[in-house]
Amino acid sequence: MSRFSYVNGRFVRHGIASVHIEDRGYQFADGVYEVIALAGGRFVDLDLHLTRLDRSLGELRIARPMSDRALTMVLSNLAKRNGIRDGSVYLQVTRGVAPRDFAFPVDAVPQVVATARRFKPVDPKALADGVKAITIPDLRWARCDIKSVALLPAAMGKQAAREAGAYEAWQYDRDGFVTEGTSSNAWIVTNEGELITRPPTNAILNGITRQVMIELAKDAGLRFVERAFTVDEAHAAREAFVTSSTSFVMPITQLDDATIGNGKPGSFSVRLRETYLARMAEIAGARA
Ligand code: PMP
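Cut-offs applied
- Residues numbered from 1 in each chain as written.
- Predicted model: local features only at pLDDT ≥ 70, side-chain atom pairs only at ≥ 80, totals over all residues.
- Heavy atoms only, no water.
- Domains from an automatic or database assignment.
- Contact = heavy atoms within 4.5 Å.
- Buried area = accessible area lost by both parts, 1.4 Å probe.
- Salt bridge = Lys/Arg side-chain N within 4 Å of Asp/Glu carboxyl O.
- Polar contact = N/O pair within 3.5 Å; in protein donor to acceptor, adjacent residues only side chain to side chain.
- Helix = DSSP H or I, 4+ residues; strand = E, 2+ residues; numbered from the N terminus.
- Nonpolar A, V, L, I, M, F, W, Y, C, P; charged D, E, K, R; others polar.
- Phe/Tyr/Trp six-rings, centres within 6.5 Å; stacked < 30°, edge-to-face > 60°.
- Lys NZ or Arg CZ within 6 Å of the ring centre and 35° of its normal.
- Near = heavy atom within 4 Å.
- Areas by Shrake-Rupley, 256 points an atom, 1.4 Å probe, with all protein chains shown as cover.
- Axes fitted to C-alpha atoms, helices over the stretch in contact; angles between N-to-C directions.
- Parallel < 35°, antiparallel > 145°, perpendicular 65-115°, else oblique.
- Left-handed = near helix turned anticlockwise from the far one by under 90°.

1. A word on the domain arrangement of the chain
Phase 1 of the analysis: For the chain, the assigned domains read domain 1 (4–118) and domain 2 (124–283).
Phase 2 of the analysis: Using only C-alpha atoms to locate each centre, domain 1 and domain 2 end up separated by 26 Å.
Phase 3 of the analysis: Listed per partner, the contact involves 22 residues of domain 1 and 21 residues of domain 2.
Phase 4 of the analysis: When the buried surface of domain 1 facing domain 2 is broken down by residue, Tyr33, Asp45 and Arg52 rank first, second and third, together holding 31% of it.
Phase 5 of the analysis: Applying the counting criterion to the domain 1 and domain 2 interface returns three salt bridges.
Phase 6 of the analysis: Joining domain 1 to domain 2, the criterion identifies eight residue pairs in polar contact (both at pLDDT 80 or more).
Phase 7 of the analysis: Only strand E3 (31–39), strand E4 (42–43), helix H2 (46–60) and strand E5 (87–94) provide two or more residues apiece to the side of domain 1 that touches domain 2.
Phase 8 of the analysis: In the side of domain 1 that touches domain 2, the residues fall into 11 nonpolar, five polar and six charged.

Here it is in structure tokens:
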């Protein structure tokens, strides 16, 4: 974890970084967040993350705490102070501190906190063999497009995955269609060679990695179809993988009891991961 964290205008030692107990994030999950990767000391797709942050704040009518320029300065300063070049920053904005009352307080001042951490080394075995995922009912609310800090269903899902020896849990809606992972977007490749992921409605978070991957897949000439797919289709898929800012592309080779493809990461997954990593390397090497 970071040695220094950012709390409302100040960089403080992580061990004493705190907000008030009546912060609405703490009491109502009334806040939003972003996780942004750093490659070689540079942010990966910062503009897209800031745009999504702005949208999340707007949908919840939380005041924008500061300009994009100021936020960027805070985040780069935080990364530098912690000596982190390859890792991620976590940024959280809550509606503010106010006496506990459900309706929005008038004049609440948004609380901004940020932490930074190094990337954990990726387990080479997980990459070589792919990982396991399980499927679970989606217990979340109807606005999953907002990146809110209300992550209890995600925490429960991840715990279920851990207890099943799995890396991720894919959630499915009432009609049996996969929505997304607890902290990642879900993709499959059908036996017909179509790359599929669910459209960005209110049922999922429109991942930044997801958005970038769609462009990379199109550039690579892969047949991409944006549509919902069922758990049954996923069990029978040739390939499956997840995307997120911190896992990039992670191949899934077992979904519940079903072996995906031949049980090894498929060609689309491997290729997209390599393409994504090459793009990160380019960002890392880019001149300021
Ligand atoms: N879906 C959910 C529910 C998530 O929590 C995340 C990661 N925060 C993602 C998808 C992936 O988003 P991104 O690519 O922006 O990290």
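2. Details of the side chain of Thr243
Phase 1 of the analysis: Within the secondary structure layout, Thr243 lies in strand E13 (residues 239–244).
Phase 2 of the analysis: A distance of 3.0 Å separates a polar atom in the side chain of Thr243 from a polar atom in the side chain of Trp187.
Phase 3 of the analysis: In contact with Thr243, not counting residues within four places along its chain, are Ser184, Asn185, Trp187, Thr209, Arg210, Met213, Phe248 and Val249.

3. Some words on the packing of aromatic side chains
Phase 1 of the analysis: With the rule as written, the count across this model stands at eight aromatic pairs.
Phase 2 of the analysis: Cluster of aromatic residues (ring-pair linked, three or more members): Phe119, Phe248 and Tyr276.
Phase 3 of the analysis: In this structure, Arg95 is placed above the aromatic ring of Phe104, and the distance from its NZ or CZ to the ring centre is 3.4 Å.

4. Topic: the site of the ligand
Phase 1 of the analysis: Close to the ligand lie 17 residues; Lys147, Glu180, Ile208, Thr209 and Ser245 are nearest.
Phase 2 of the analysis: Contacts to the ligand include Glu180, whose side-chain N or O atom sits 2.7 Å from a nitrogen atom.
Phase 3 of the analysis: If the ligand stood free it would expose 390 Å²; the protein chains cover 92% of that surface.
Phase 4 of the analysis: Of the residues that constitute the shell around the ligand, the class distribution is three nonpolar, 10 polar and four charged.

5. A short note on the packing of H2 against helix H6 (residues 208–219)
Phase 1 of the analysis: Two elements in contact, H2 and H6, have axes whose closest approach is 10 Å; the angle formed by their N-to-C orientations is 130°. The angle between H2 and H6 falls in the class oblique. Here H2 and H6 pass one another in a crossing that is right-handed. Of the residues in H6, those in contact with Leu48, His49 and Arg52 of H2 are Ile208, Gln211 and Val212.
Phase 2 of the analysis: Here the residues of the contact of H2 with H6 sort into three nonpolar, two polar and one charged.

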